[in-house]
Amino acid sequence: MTRTMWDSSVGKKTVMAVSGLIMLAYLVVHMLGNLKIFFGSDEFNSYAHWLRTLGEPFLHYEWALWIIRVVLVAAVVAHAISAYQLSRRDIRARPTKYVHKKPRASYATRTMRWGGIILGLFIVWHILDLTTGTVHPDGFQAGHPYQNVIDTFSTWYGNVIYIAAVLALGLHIRHGFWSAAHTLGVGSRRRDRAFKAIANVLALVLTVGFISVPVGVMTGVVS
Amino acid sequence: MKLTLRVWRQQNADADGAMSTYEVDGISADMSFLEMLDTLNEELILKGEDPVAFDHDCREGICGACSLVINGDAHGPERTTSCQLHMRSFKDGDTIDVEPWRASAFPVVKDLVVDRSAFDRIIQAGGYVTAPTGAAPEAHATPVPKPDADFAFEHAECIGCGACVAACPNGAAMLFTSAKVNHLNVLPQGAPERETRVLDMVAQMDEEGFGGCTLTGECATACPKGIPLVSITGMNKEWLRATRKAGKR
């Protein structure tokens, strides 16, 4: 069964849909957690610490976090590899372009590939910035995420990279969520409008939710 | 009407092609697009030039032979086949670009003619029902619920012209294949091969070098028979169901 899944273009698209939905579910939780920053440094920092003690005493310290990280890395890798292989196939299938070109498809649809690459690069920077602190400005302090977030969004490039990536994310989700419904065979003519609406709402809520943090720091609401 | 045509000319499959410009005069608004090309070809023959090769057969929109990308649209600006497109859709003095279907699975044979036998091989992989032939069976022997019959008929309308592939930015044959799969899989006559049909047809589709679906919706917009985009959703569902069942065996 696994062979058939991975060997088929339809199966690979299923892998993309499922891994995409896993990442989307994570992002909803991640965005809601980020909003705790508006309740002050104590609440945000203790929330961040709680993430490490999550599942105790059944799980050891940080195990829940590591399980989530492993699942997410697997989802990102599966999503990226299938996207790469499917894109290669798509480009090979249409080697000659039409002489008479017309603007096609929506912006969200056309930017899926480049948007995905941008998001992949962003994830690397985001982890190096706020998880490991490798590229963090002003000395990274482990255990003080509130201050770290403020440091990042006190630099112009931190804001630019983050906001650009979140906008790309919104577009990606707008087409991606609706596509996943059809790839998994749950879409239908009757439900199509509903899925489009859910995709738009998810894209909008996540974009606004994530962007509210750098905007909060820039406007001084978070300091 | 006087028109300027820019037509893809390619001597054979191996030759390099290019757009050639022709002027045609005396075109009536009531002519079909193919009749307009006939007019051009008559002039070219009189001048001793090679006429433009293009596929056509029934010229009444049911055979799926005609295959022209007109001004970047498969079958041109109207939602119909090239043969049922009339010159009233254009204005006097227009410049019209005519190109062949573009997909690596549909290689150009000459000018505007492409080889669509990849579609035949997809059909051979599963687009049939195994039934004894002979006299027509008794109509009441196999009851088909009306909604199922309508669903099957909607998909059976596919004429296999390949406009979906031509319009798709990925050169995917998903809409064609899904029309065939949905048409036969919903009917009791197609039930014995329900799983093998979708698995084999999708595998053949991949084998032929068609691209995959990215849900751009271009195929359904171009389809002269109005096969809906959700047809692909239906095939994905059938494929996943068949894969699950195959895994259990």
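Residues numbered from 1 in each chain as written. Chains lettered and ligands numbered in written order. Predicted model: local features only at pLDDT ≥ 70, side-chain atom pairs only at ≥ 80, totals over all residues. Heavy atoms only, no water.

### Quick notes on the overall build of chain A
No. 1: Of the regular secondary structure elements, chain A holds nine helices and zero strands.
No. 2: The principal-axis extent of the C-alpha atoms belonging to chain A is close to 55 × 45 × 35 Å.
No. 3: The buried share of chain A, reckoned over its 223 residues, is 42%.
No. 4: Once local pairs closer than 6 in sequence are excluded, the contacts in chain A between residues at least 24 apart make up 66%.
No. 5: Carbon and sulfur atoms make up 70% of the accessible area of chain A, which amounts to about 12,500 Å² in all. (Helix = DSSP H or I, 4+ residues; strand = E, 2+ residues; numbered from the N terminus. Buried < 20%, exposed > 50% of the residue type's maximum accessible area, 1.4 Å probe, protein only. Contact = heavy atoms within 4.5 Å. Areas by Shrake-Rupley, 256 points an atom, 1.4 Å probe, with all protein chains shown as cover.)

### Details of the interface of chain A and chain B
No. 1: On the chain B side, the residues contacting the 38 residues of chain A number 45 residues.
No. 2: Between chain A and chain B, roughly 3,300 Å² of surface is buried when both sides are summed, and carbon and sulfur atoms account for 55% of that area.
No. 3: We note a salt bridge from Lys-102 of chain A to Asp-73 of chain B, for which the minimum N-O separation is 3.0 Å.
No. 4: Of all the secondary structure elements, the ones that give two or more residues to the side of chain A that touches chain B are α1 (2-7), α2 (9-34), α4 (63-93) and α8 (156-183) of chain A.
No. 5: For the side of chain A that touches chain B, the element with the highest residue contribution is α8 of chain A, accounting for six residues.
No. 6: Looking at the side of chain A that touches chain B residue by residue, the class counts come to twelve nonpolar, 15 polar and eleven charged. (Buried area = accessible area lost by both parts, 1.4 Å probe. Salt bridge = Lys/Arg side-chain N within 4 Å of Asp/Glu carboxyl O. Nonpolar A, V, L, I, M, F, W, Y, C, P; charged D, E, K, R; others polar.)

### Some words on helix α6 (residues 112-130) of chain A
No. 1: The terminal C-alpha atoms of α6 of chain A lie 26 Å apart, and with 19 residues this matches the ideal 27 Å at 1.5 Å per residue to within 8%.
No. 2: Against α2, α5 (107-110), α7 (145-152) and α8 of chain A lie the buried residues of α6 of chain A. (Expected span 1.5 Å × (residues − 1).)

### What about the layout of surface pockets?
Residues and elements named next belong to chain B.
No. 1: Its volume calculated, the second largest pocket comes out at about 420 Å³.
No. 2: What lines the second largest pocket is a set of 18 residues, and nearest its centre among them are Phe-151, Asn-182, Val-230, Gly-234 and Lys-237.
No. 3: Every element with two or more residues in the lining of the second largest pocket is listed here: α3 (146-156), α5 (174-185) and α8 (230-248).
No. 4: For the lining of the second largest pocket, the leading source of residues is α8, giving seven residues.
No. 5: Here the residues of the lining of the second largest pocket sort into three nonpolar, nine polar and six charged. (1 Å grid on protein atoms, 1.4 Å probe; cavity = no way out; pocket = protein on both sides within 12 Å on 5 of 7 lines; lining within 4 Å. Points joined across faces, edges and corners; volume = space filled by probe spheres on them.)

### Concerning the domain arrangement of chain B
Residues and elements named next belong to chain B.
No. 1: The domain architecture assigned to chain B consists of domain 1 (3-109) and domain 2 (116-131 + 139-248).
No. 2: Taking only C-alpha atoms, the centre of domain 1 and the centre of domain 2 are 29 Å apart.
No. 3: Every contact between the two is made by 20 residues of domain 1 and, on the other side, 20 residues of domain 2.
No. 4: Carbon and sulfur atoms make up 59% of the area that domain 1 and domain 2 hide from each other, which totals about 1,400 Å².
No. 5: The partner of Arg-116 in a salt bridge is Asp-55, with the nearest N and O atoms 3.2 Å apart.
No. 6: Considering only residue class, the side of domain 1 that touches domain 2 consists of ten nonpolar, seven polar and three charged. (Domains from an automatic or database assignment.)

### With respect to the nonpolar core
A general trend in soluble globular proteins is that nonpolar side chains are found buried together.
No. 1: Counting 80 residues, the largest nonpolar core has Phe-106 and Phe-210 of chain B as the members making the most contacts within it.
No. 2: With nine residues, the top contributor of residues to this core is α8 of chain A.
No. 3: Ignoring sequence-local partners within four residues, the contact set of Phe-210 of chain B consists of Arg-89 and Ala-93 of chain A together with Ala-105, Phe-106, Ala-118, Phe-119, Ile-122, Val-165, Gly-171, Ala-172, Ala-173 and Met-205 of chain B.
No. 4: Listed in part, the 26 residues of the second largest apolar core include Leu-3, Trp-8, Tyr-22 and Met-31 of chain B. (Core = buried A, V, L, I, M, F, W, Y, C linked by side-chain atoms within 4.5 Å.)

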